[in-house]
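Take a look at the letters that make up each chain.
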Amino acid sequence: MATTAAATQRLQSKRQTLDEAYAPPANFLEIEVVNPITHGVGKNRYTDYEIRMRSNLPVFKQKESSVRRRYSDFEWLRGELERDSKIVVPALPGKSLKRQLPFRSDDGIFEEEFIENRRKALELFVNKVAGHPLAQNERSLHIFLQESVIDKNYVPGKIRTA
């Protein structure tokens, strides 16, 4: 009985100093989808979003980046990861086809509330994907997060860290 009590005792933890408590985390990856902007008029109208990334993970060559992406770029990323990686890729928020019908009394997919809801869902999507250790090595994710222009002719593969 005494061995059972000893085996289930709490471990004595070292008290954390204030410097340790408020120091930067050992490894972090922060991604925000912010600042949606709608461009163009009529059929050429679209909304893009700023993707801000901060990380100290060795796999990312840039520790901070900011790029603008459209919904179709998120679709591209999802398709690339589904094809090339071994992970289950989460779903994107829907296309909302009803909001794209002509002769609506509102702005459809360009309404502020719709754009804000989509922004939140895209942020959740990209954080789920980028948080997966296997996805972090995919070249397509690095292109999506850190390159100003997506090269759709890139050679798929893994990122090598030295």
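Structure: above.
Residues numbered from 1 in each chain as written. Predicted model: local features only at pLDDT ≥ 70, side-chain atom pairs only at ≥ 80, totals over all residues. Heavy atoms only, no water.

Asker: Quick question: what am I supposed to make of the nonpolar core here?
Answerer: One broad rule of soluble globular proteins: the nonpolar side chains tend to lie buried together. Counting 30 residues, the largest nonpolar core has Phe74, Phe125, Val126, Phe144 and Leu145 as the members making the most contacts within it. Those elements that place two or more of their residues in this core are β1 (29–39), β2 (46–55), α3 (71–84), α4 (112–130) and α5 (139–146). Among the elements that line this core, the one with the most residues is α4, at six residues. Those residues in contact with Val126, other than ones at most four positions away along the chain, are Ile31, Val33, Phe74, Phe144 and Leu145. (Core = buried A, V, L, I, M, F, W, Y, C linked by side-chain atoms within 4.5 Å. Buried < 20%, exposed > 50% of the residue type's maximum accessible area, 1.4 Å probe, protein only. Helix = DSSP H or I, 4+ residues; strand = E, 2+ residues; numbered from the N terminus. Contact = heavy atoms within 4.5 Å.)

Asker: How do you make sense of the pattern of salt bridges when you look at a structure like this?
Answerer: Side chains that differ in sign of charge can pair as their charged atoms come close. Enumeration over the complete set of coordinates arrives at ten salt bridges. Salt-bridge contacts for Arg54 lead to Glu30; the nearest nitrogen and oxygen are separated by 2.6 Å. Residue Arg54 is located in strand β2, and its partner Glu30 is located in strand β1; the two are separated by 24 residues in the primary sequence. Look at Arg54 and you get partly exposed, because its relative accessible area is 37%. Given a relative accessible area of 38%, Glu30 falls into the partly exposed group. (Salt bridge = Lys/Arg side-chain N within 4 Å of Asp/Glu carboxyl O.)

Asker: Help me understand the packing of aromatic side chains, please; the structure alone is not making it clear to me.
Answerer: The relative placement of two aromatic rings is captured by the distance of their centres and the angle of their planes. If you walk through the whole model with that rule in mind, you get three aromatic pairs. For the pair Phe74 and Phe144, a centre-to-centre distance of 4.9 Å together with 70° between the ring planes defines the contact as edge-to-face. Placement of Phe74 in helix α3 and of Phe144 in helix α5 is noted, with a sequence separation of 70 residues between them. When its relative accessible area of 0% is taken as the criterion, Phe144 is described as buried. Look at Trp76 and Tyr154: their rings are 5.7 Å apart centre to centre, the planes differ by 70°, and that puts the pair in the edge-to-face class. Of this pair, Trp76 sits in helix α3 while Tyr154 sits in the segment after α5, and the two are 78 residues apart along the sequence. Accessibility expressed as a relative area gives 10% for Trp76, which makes it buried. Overall, the relative accessible area of 10% leaves Tyr154 in the buried class. Cluster of aromatic residues (ring-pair linked, three or more members): Phe74, Phe125 and Phe144. The cationic tip of Arg70 hangs over the ring face of Tyr46; the distance from NZ or CZ to the ring centre is 3.8 Å. (Phe/Tyr/Trp six-rings, centres within 6.5 Å; stacked < 30°, edge-to-face > 60°. Lys NZ or Arg CZ within 6 Å of the ring centre and 35° of its normal.)

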